[in-house]
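Understanding the architecture of this molecule
These are the residues of each chain, in order.
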Amino acid sequence: MNDQLIQLNAEYAAALDDDRLEDWPSFFTERCFYRVTTIDNYRQGMQAGLIYADSRDMLADRILSLRKANVYEFHRYRHVVGVPRILGNDAQGGGTMRVSTGFVVIRISRQGQYEVFASGQYLDEVVTESGKLLLKRRDVVCDSSRIDTLLAIPL
Amino acid sequence: MGVSQSDTTILTEGRSFVIVSCTETFVSWVETKMHDNSSLSIAAPTEWPDGHAHVPYWVFQRQDVLDAEQKRVFEGPVWNYLALEAEIPNAGDYKTTFVGRMPVVVTRDTDGEIYAFENRCAHRGALIALNDFGNASEHTCVYHAWRYDPQGNLRDIAFEQGVRGQGGMPADFSREGLAPRKLRIASFCGLVFGSLHDDVPDIEEYLGDEVAARLERVVGGRQIEILGRFTQTLPNNWKLYAENVRDTYHASLLHTFFTTFKITRLTQEGGVLISESGGNHASASYSRVVEGEEGYYAQQAIRSHNDELKIRDLSMLNHLDEFGDGIQLQILTVFPGFVLQQIHNCIAVRQIVPASVDKTDLNWTYLGFADDTEELRQMRLKQSNLVGPAGFVSMEDGAVGGFVQRGIAAAEDRQAVIALGGYDTQSQPFRATESSIRGFWRAYRDTMKI
């Protein structure tokens, strides 16, 4: 199972880093939850997110907006994703795995600078649908409460 | 040679020949440069064009201007946003924040009142409070354990009488005047403002009737709950963001998401209210679209219009007219660095804190209210996709100030033009105007005395 989780995260990261953003929603279930927040907010039980989506369509809308409506200078990410840590496994009724995985995202700007844009952990609920692992929930919990300039491409 | 005999002596006695050589080389280099440049004026420009329609770019670029702003603006006759009362509800609660670059502690004492003081020990200047938030009946500097009460009064000096009769403060030592600087506090609708100036007007007079009413409209008489906090680092001078947030002109041009989904258009009804001082404003747009002007944008054939964009999950745009007045969008500012935003039901305060000449911290606090229904709370959370560093209608604001900062790199003697809607700083019943930006600069120049 760990191999499959590693593969899921590797494919997820590659889609974002290779500018295949349209593939990003396909890693989620149709009814899903995706949120980008910070460790401070998370620990205090704060509900808000920098990104807050509760359906796969909302994720697709975000990508459409990035492509068609939003304006930002060219930049790329390089995700470095850690080894998944399985926190719990609810084997009943389809089975939901709770998984925590660390990540670092390097941002590469148009001018060529590298910087650590974000680090944190993915707190996931992973399910199997048609033999494929999908994210039912992903809380992207950033270690810092600071976002430099803007967060366009998802984490 | 510019090196005095005594300098040379010390250097040759205490250090190697190489250092003397470097020093002499440097001095002679400086002298040469000064000589070469004697025909050039090296004084930085300080002229401001007449009227309110131009802003010289040097005002965004200089350390001496930022230094003057600390004294004249942030520590001047203004009210700086510090906190929400809801962030420090109980006795002993505190929050650390900034007034310009001055670190500040905001506290609630056992008398229920709010106090604020410079976060700087009166002894040797170390930070007194080291957490973003906390609860403490007293504040002890970690360096030498000088203790302060929640009002910022010095209560105890460690080893003041010495140890076993040795050391300690001199017999004539006085604590008189030994305390961090204290701020005057004004609380308005649950928002806490602080001032270091003796001659600042009352908060309501400072806000102006119209802006005060618009602020009250959103948060007045309601129990605020905090939904989240984020800091966005902006790659630009703080005043470029202060302009941006007052800029009703750019909203539908830079942020194409709004216009595409018809959330707002310049042809919607709306307008901008500007305080007497110029520094505070409230812009609003109403939901009703002016009849017969639907095609206005399409005719202009500007980038904003995009028929391809079809949103699949419209739930993010669900909203309630929770104020019952049809105002869908209201952006309100209080000079120098406060913003209150209502975009549909997404309510947030933003605090603008200068970090350096070309870096600004924008502190976002997303708000809800204690009486929110679950449905309304969900709307606020979903609509928060519109705002913040990843917001569909605000992510560009994080970058556009940097585009200006980089664009003007060699243009310190040039100026921006802000003439849309005329040359004055009056309230206007439309939003195709830069009147509130001109208002900001009027207040800025009055405060800076430039």
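Residues numbered from 1 in each chain as written. Chains lettered and ligands numbered in written order. Predicted model: local features only at pLDDT ≥ 70, side-chain atom pairs only at ≥ 80, totals over all residues. Heavy atoms only, no water.

1. Concerning the overall build of chain B
When helices and strands are counted, chain B shows 12 helices and 19 strands. Relative to its full complement of 450 residues, chain B shows a buried share of 53%. Long-range pairs, those at least 24 residues apart, make up 64% of the contacts in chain B between residues at least 6 apart in sequence. Surface accessibility of chain B: about 20,300 Å² in total, with carbon and sulfur atoms responsible for 50%. (Helix = DSSP H or I, 4+ residues; strand = E, 2+ residues; numbered from the N terminus. Buried < 20%, exposed > 50% of the residue type's maximum accessible area, 1.4 Å probe, protein only. Contact = heavy atoms within 4.5 Å. Areas by Shrake-Rupley, 256 points an atom, 1.4 Å probe, with all protein chains shown as cover.)

2. Topic: the packing of aromatic side chains
By the definition in use, this model includes 25 aromatic pairs over all chains. Taken together, a centroid distance of 5.1 Å and an interplanar angle of 90 degrees make the contact between Phe33 of chain A and Tyr52 of chain A edge-to-face. Of this pair, Phe33 of chain A sits in strand 1 (residues 28-38) while Tyr52 of chain A sits in strand 2 (residues 51-53), placing them 19 residues apart in sequence. Per residue, the accessibility class of Phe33 of chain A equals that of Tyr52 of chain A, and both read buried. The interplanar angle of 80 degrees and the centroid separation of 5.1 Å between the aromatic rings of Trp441 of chain B and Tyr444 of chain B together place this pair among those described as edge-to-face. Of this pair, Trp441 of chain B and Tyr444 of chain B both sit in helix 12 (residues 435-448), separated by 3 residues, roughly a single helical turn. One exposure class covers both Trp441 of chain B and Tyr444 of chain B, and it is buried. Chaining the aromatic ring pairs together yields one cluster made of Trp48, Trp58, Phe60, Phe74, Trp238, Phe335, Phe440, Trp441 and Tyr444 of chain B. When the ring centre of Phe392 of chain B is taken as origin, the NZ or CZ atom of Arg62 of chain A, which lies over that ring, is 4.3 Å away. If you follow Arg138 of chain A out to its NZ or CZ, it ends over the ring of Tyr122 of chain A, 3.7 Å from the centre. (Phe/Tyr/Trp six-rings, centres within 6.5 Å; stacked < 30°, edge-to-face > 60°. Lys NZ or Arg CZ within 6 Å of the ring centre and 35° of its normal.)

3. Let's talk about the packing of helix 6 (residues 238-246) of chain B against helix 12 of chain B
All names here are of chain B. At a closest axis distance of 8 Å, the pairing of helix 6 and helix 12 adopts a crossing angle of 140 degrees. Relative to helix 12, helix 6 is oriented oblique. In this structure, the crossing between helix 6 and helix 12 has a hand that is right-handed. Of the residues in helix 12, those in contact with Trp238, Lys239, Ala242, Glu243 and Arg246 of helix 6 are Ser436, Ile437, Phe440, Trp441 and Tyr444. Of the residues in the contact of helix 6 with helix 12, the class split is 6 nonpolar, 1 polar and 3 charged. (Axes fitted to C-alpha atoms, helices over the stretch in contact; angles between N-to-C directions. Parallel < 35°, antiparallel > 145°, perpendicular 65-115°, else oblique. Left-handed = near helix turned anticlockwise from the far one by under 90°. Nonpolar A, V, L, I, M, F, W, Y, C, P; charged D, E, K, R; others polar.)

4. Some points on the interface of chain A and chain B
Interfaces are often sized by the amount of accessible area the parts lose when they come together. Listed per partner, the contact involves 39 residues of chain A and 41 residues of chain B. Carbon and sulfur atoms make up 51% of the area that chain A and chain B hide from each other, which totals about 3,500 Å². For Arg406 of chain B, the salt bridge goes to Glu73 of chain A, with nearest N and O atoms at 2.6 Å. Put simply, chain A and chain B have 25 residue pairs in polar contact (both at pLDDT 80 or more) between them. Going through the elements one at a time, strand 1, helix 2 (39-43), strand 2, helix 3 (56-68) and strand 8 (146-148) of chain A are the ones with two or more residues in the side of chain A that touches chain B. (Buried area = accessible area lost by both parts, 1.4 Å probe. Salt bridge = Lys/Arg side-chain N within 4 Å of Asp/Glu carboxyl O. Polar contact = N/O pair within 3.5 Å; in protein donor to acceptor, adjacent residues only side chain to side chain.)

5. Here we look at the sheet that holds strand 8 (residues 147-148) of chain B
All names here are of chain B. Read from one edge to the other, the open sheet built from 3 strands follows the order 7-8-9, with strand pairing classed as antiparallel. Looking at strand neighbours, the two that pair on one side only are strand 7 (139-140) and strand 9 (154-156), the edges of this open sheet. Of the strand pairs in this sheet, strand 8 and strand 9 are connected by 2 bridges, and their pairing is antiparallel. Bridge assignment links Tyr148 to a residue of strand 9, and that residue is Leu154. (Pairing = 2+ DSSP bridges.)

6. Things to note about the sheet that holds strand 6 (residues 133-135) of chain B
Residue and element names in this part refer to chain B. Judged by pairing direction, the sheet is antiparallel, and its 7 strands sit side by side in the order 2-11-10-5-4-3-6 without closing on themselves. In this open sheet, the two strands that pair with only one neighbour each are strand 2 (80-84) and strand 6. Averaged over all pairs of adjacent strands, the angle between their axes in this sheet comes to 30 degrees, without regard to strand direction. As defined by bridge partners, strand 4 (residues 102-108) adjoins strand 5 (residues 114-118) across 5 bridges and the pair is classed as antiparallel. Each bridged residue has a counterpart across the sheet, and for Thr107 the counterpart in strand 5 is Tyr115.

7. Remarks on the pattern of salt bridges
With the rule as written, the count across this model stands at 36 salt bridges over all chains. Note that Asp18 of chain A is salt-bridged to Arg20 of chain A, the shortest N-O span being 3.6 Å. The class for Asp18 of chain A is partly exposed, based on a relative accessible area of 44%. Using a relative accessible area of 33% as the deciding quantity, one classes Arg20 of chain A as partly exposed. Note that Arg155 of chain B is salt-bridged to Asp149 of chain B, the shortest N-O span being 2.9 Å. By relative accessible area, which is 10% here, Asp149 of chain B ends up buried. Members of the salt-bridge network, linked through shared partners, are Arg222, Glu225, Glu322, Asp372, Arg377 and Arg380 of chain B.

8. Side note on the confidence of the model for chain B
Residues and elements named next belong to chain B. Residues at a pLDDT of 70 or more form 84% of chain B, whose mean pLDDT is 86. Of the regions scoring below 50 in pLDDT, residues 1-35 engages in 14 contacts with residues more than four places distant in sequence or in other chains. The model gives residues 289-305 a pLDDT under 50, and that stretch makes 26 contacts with residues more than four places away or in other chains. Predicted complex, confidence summary: ipTM 0.96, pTM 0.89. (pLDDT = per-residue confidence, 0-100.)

9. With respect to unusual backbone geometry
The amide bond that connects Phe335 of chain B to the next residue, Pro336 of chain B, takes the cis arrangement and shows omega of 5 degrees. The topology assignment puts Pro336 of chain B in the loop between strand 15 (327-334) and strand 16 (338-343). The residue Thr149 of chain A is not glycine, and still its phi comes out positive at about 65 degrees. Within the element layout of this structure, Thr149 of chain A appears in the segment after strand 8. Residue classification places Thr149 of chain A among the buried residues on the basis of a relative accessible area of 12%.

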